[in-house]
Amino acid sequence: MTTLADIAAMLKEARRDAALTQSNLAKHAGVARTTVARMETLAKGDMSVSALVRLLEAAGYDLKAVKHGHTRTLDDILAEQRQDDVAP
């Protein structure tokens with residue numbers, strides 16, 4: 001099960017992978033830097049889903065639900081099938 005702490009860590013990792021500071025990410029997502037800091041540390045014990053989606057998109061990520069126990073989404077499987085159909 002993914003916890004809020006796991007999501008906070010994933011957000012921080014996504015920001016770092018994108019080589020963005022909290023301020024840069026906040027600017028790209030249209031939120032305050034304090035929102036990024038609060039979400040990365042769970043300062044208030046919860047987080048806004050809409051802000052999370054905007055922050056992840058600004059870092060180049062999508063938020064997708066994956067059935068427990070699975071690592072790939074339906075989109076992943078369909079993309080693989082399309083690549084196989086195009087491959088010589």
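Residues numbered from 1 in each chain as written. Predicted model: local features only at pLDDT ≥ 70, side-chain atom pairs only at ≥ 80, totals over all residues. Heavy atoms only, no water.

Asks: I tried to follow unusual backbone geometry on my own but got confused; where do I start?
Replies: As a rule of thumb, non-glycine residues mostly have phi less than zero, and peptide bonds are mostly trans rather than cis. The backbone of Ala-19 sits at a positive phi, close to 55 degrees, despite the residue not being glycine. Mapped onto the elements, Ala-19 comes out in the loop between helix H1 (4-17) and helix H2 (22-29). The backbone phi angle of Leu-42 is positive, close to 55 degrees, even though this residue is not glycine. Topologically, Leu-42 is positioned in the loop between helix H3 (33-41) and helix H4 (49-58). (Helix = DSSP H or I, 4+ residues; strand = E, 2+ residues; numbered from the N terminus.)

Asks: Would you take a moment to explain the confidence of the model for the chain for this structure?
Replies: Predicted coordinates in areas of low pLDDT are best not read in detail. The predicted model of the chain averages 88 in pLDDT, with 97% of residues at 70 or higher. Element-level mean pLDDT values for the chain span from 78 in helix H5 (residues 74-86) up to 97 in H2. (pLDDT = per-residue confidence, 0-100.)

Asks: Would you take a moment to explain the packing of H2 against H4 for this structure?
Replies: Between two packed helices, what matters for the description is the angle formed by their axes and the separation of those axes. Here H2 crosses H4 at 110 degrees, and the two axes come no closer than 8 Å. Viewed along their axes, H2 and H4 adopt a mutual orientation that is roughly perpendicular. Together, Leu-25, His-28 and Ala-29 of H2 and Arg-54, Leu-55 and Ala-58 of H4 make up the contact between the two elements. Tallied by class, the residues present in the contact of H2 with H4 amount to four nonpolar, one polar and one charged. (Axes fitted to C-alpha atoms, helices over the stretch in contact; angles between N-to-C directions. Parallel < 35°, antiparallel > 145°, perpendicular 65-115°, else oblique. Contact = heavy atoms within 4.5 Å. Nonpolar A, V, L, I, M, F, W, Y, C, P; charged D, E, K, R; others polar.)

Asks: Before we go on, may I ask you to explain a nonpolar patch on the surface in this structure?
Replies: Residues Leu-74, Ile-77 and Leu-78 make up a contiguous nonpolar surface patch of roughly 250 Å² in combined accessible area. Secondary-structure assignment places Ile-77 in helix H5. Exposure remark for Ile-77: the relative accessible area of 30% places this residue in the partly exposed category. (Patch = residues over 30% accessible without salt bridge, like charges linked within 9 Å, V, L, I, M, F, W, Y side chains within 5 Å. Areas by Shrake-Rupley, 256 points an atom, 1.4 Å probe, with all protein chains shown as cover. Salt bridge = Lys/Arg side-chain N within 4 Å of Asp/Glu carboxyl O. Buried < 20%, exposed > 50% of the residue type's maximum accessible area, 1.4 Å probe, protein only.)

Asks: How should I be thinking about H2 in this particular structure?
Replies: Given 3.6 residues to a turn, an α-helix orients residues that are three or four positions apart in the same direction. Listed as buried for H2 are Gln-22, Leu-25, Ala-26 and Ala-29. Along the axis of H2, the buried positions cluster into a sector of 100 degrees, meaning they face one direction only. Exposed side of H2, more than 90 degrees from the buried face: Lys-27 and His-28 are the residues found there. Packing partners of the buried residues in H2 comprise H1, H3 and H4. Downstream of H2 by a residue or two, Gly-30 has a phi angle that is positive, lying close to 75 degrees. (Arc of directions from axis to C-beta.)

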